[in-house]
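Residue-level listing of the chains:
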2 protein chains.
Amino acid sequence: MHGTPLQSSEKKLGQLEGVFRDSDAWQSMSPETLVYQVQWHEAIPQGMEGGLFWGTTTIAPGRVGDEYFMTRGHFHSRRDRGEYYCTVQGRGMLLLMDEERVTRAEVMEPGSLHYIPGYIAHRTVNTGETPLVFWACWPSDAGHDYETIAKQGFSARVLDRDGSPAVVPEER
Amino acid sequence: MHGTPLQSSEKKLGQLEGVFRDSDAWQSMSPETLVYQVQWHEAIPQGMEGGLFWGTTTIAPGRVGDEYFMTRGHFHSRRDRGEYYCTVQGRGMLLLMDEERVTRAEVMEPGSLHYIPGYIAHRTVNTGETPLVFWACWPSDAGHDYETIAKQGFSARVLDRDGSPAVVPEER
């Protein structure tokens, strides 16, 4: 990958309004707090069919109230596109929600490999006390639909319950 | 990936007739010698558009004459499909050949990440003295065309020259 341009994106708490359940706790924290960062290679243009991208996501340890730091989560714009995650370090949960809003969770730990089929929204949660780092590989024409999750959220959240992560159905 | 069926394929020397340059050396070796093994997950059916597969390839250390153990190599049946390789352990070379038979090589070492664009044949070579292990992620509708390489080979080979690997143009 020598010479391939490395793209980068980061999300601070201030950019994640409405994502966490406890808005009072969110407002009491510094908006400059870094929650997660993604770096990825684009060896080919976005939207091109047949190619792949490879990225590294790092989610900081932390909580907003009793809710662990996590990504916004998304469907792929092309709904049928899948993705692989491979956990490098740390410990977390992968939330997977289908289009009927049925959510399940997989434990992420170093070496764990996760297939995200098409039509499944995905969000990652750092449930540990160190950064959660994972690799992702996804089709170059998958695209990202963040809007659906921004409006509707996931149907479950990962919350700290007496020091352990629990997957709790969302009350709406 | 718990519960996902794990597929497996292996290639012994006896199955690799015509692949290595030195046919006398090839015939003098046991056909039962394991050259490489691939294990992969098929969370979805082969040929399905939009999905991905993830596999682990292990190439044994060894040579046929002065030519290092390597995979057969292939184009994707759907020529525009790309692939990622990520080296886990060992040391090797990734041979990449375009449809005009121009071949280049990338060094594989632990942590090295390699993007294989569409329309590029790819073959991996173990140039070290320990197993070369790498992960691969490819589209579920890519398919494998081994025939083109079986007939025409690559335009370069990786040979041991005084204990170091050299990429040597093929004489035809």
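So, here's what we can say about the structure.

How each quantity is defined
- Residues numbered from 1 in each chain as written.
- Chains lettered and ligands numbered in written order.
- Predicted model: local features only at pLDDT ≥ 70, side-chain atom pairs only at ≥ 80, totals over all residues.
- Heavy atoms only, no water.
- Salt bridge = Lys/Arg side-chain N within 4 Å of Asp/Glu carboxyl O.
- Helix = DSSP H or I, 4+ residues; strand = E, 2+ residues; numbered from the N terminus.
- Buried < 20%, exposed > 50% of the residue type's maximum accessible area, 1.4 Å probe, protein only.
- Least-squares fit on C-alpha atoms with pLDDT ≥ 70 in both.
- Pairing = 2+ DSSP bridges.
- Axes fitted to C-alpha atoms, helices over the stretch in contact; angles between N-to-C directions.
- Phe/Tyr/Trp six-rings, centres within 6.5 Å; stacked < 30°, edge-to-face > 60°.
- Lys NZ or Arg CZ within 6 Å of the ring centre and 35° of its normal.

## Some thoughts on the pattern of salt bridges
Link 1 in the chain: Evaluated as defined, the whole model comprises 32 salt bridges over all chains.
Link 2 in the chain: For A:Lys12, the salt bridge identified is with A:Glu32, shortest N-O distance 2.9 Å. Residue A:Lys12 is located in strand S1 (residues 6-12), and its partner A:Glu32 is located in the loop between helix H1 (23-28) and strand S2 (34-41); the two are separated by 20 residues in the primary sequence.
Link 3 in the chain: Residue classification places A:Lys12 among the partly exposed positions, given a relative accessible area of 23%.
Link 4 in the chain: A relative accessible area of 52% places A:Glu32 in the exposed class.
Link 5 in the chain: Residue A:Glu106 pairs with A:Arg104 through a salt bridge whose shortest N-O separation is 2.9 Å.
Link 6 in the chain: Linked through salt bridges whose partners overlap, the residues forming this network are A:Glu49, B:Arg78, B:Asp80, B:Arg81 and B:Asp141.

## Section: the relation of the copies chain B and chain A
Link 1 in the chain: Least-squares fitting of chain B to chain A yields an RMSD of 0.0 Å, with the transformation described by 0.0 Å of translation along the axis and a rotation of 180 degrees. Considering both components of the superposition, the chain copies are consistent with a two-fold axis.

## Section: the sheet that holds strand S11 (residues 132-139) of chain A
The strands making up a sheet associate through hydrogen bonds between their backbones, and the pairing can be parallel or antiparallel.
All names here are of chain A.
Link 1 in the chain: Taken in spatial order, the six strands of this open sheet run S1-S2-S3-S11-S6-S9, and their pairing is antiparallel. Edge positions in the sheet fall to S1 and strand S9 (113-116), since each of these pairs with one other strand and no more. Across the sheet, the mean angle separating the axes of adjacent strands is 20 degrees when strand polarity is ignored.

## What to know about the pairing of strand S12 (residues 156-161) of chain B
All names here are of chain B.
Link 1 in the chain: Most of S12 sits out of view: five of its six residues are buried.
Link 2 in the chain: Looking at chain direction, S12 and strand S13 (residues 164-169) are connected through six bridges and run antiparallel. Bridge assignment links Arg 157 to a residue of S13, and that residue is Val 168.
Link 3 in the chain: Hairpin connection of S12 to S13: two residues between the antiparallel strands, including Asp 162 at a positive phi of 55 degrees.

## Structural notes on the packing of aromatic side chains
Link 1 in the chain: All told, the structure shown has 14 aromatic pairs over all chains when counted by the stated rule.
Link 2 in the chain: Grouping aromatic residues by their ring pairs yields a cluster made of A:Trp54, A:Tyr84, A:Tyr115, A:Trp135, B:Trp54, B:Tyr84, B:Tyr115 and B:Trp135.
Link 3 in the chain: The ring of A:Tyr146 carries A:Arg72 above its face, with NZ or CZ at 3.8 Å from the centroid.

## A look at the pairing of strand S10 (residues 121-126) of chain B
All names here are of chain B.
Link 1 in the chain: For S10, a buried count of six out of six residues is recorded, marking the element as mostly surrounded by other parts of the structure.
Link 2 in the chain: Both faces of S10 are covered, namely the face carrying Ala 121, Arg 123 and Val 125 and the face carrying His 122, Thr 124 and Asn 126.
Link 3 in the chain: Across six bridges, strand S7 (residues 92-97) lies against S10 in antiparallel orientation. Pairing of Gly 92 across the sheet is with Asn 126, part of S10.

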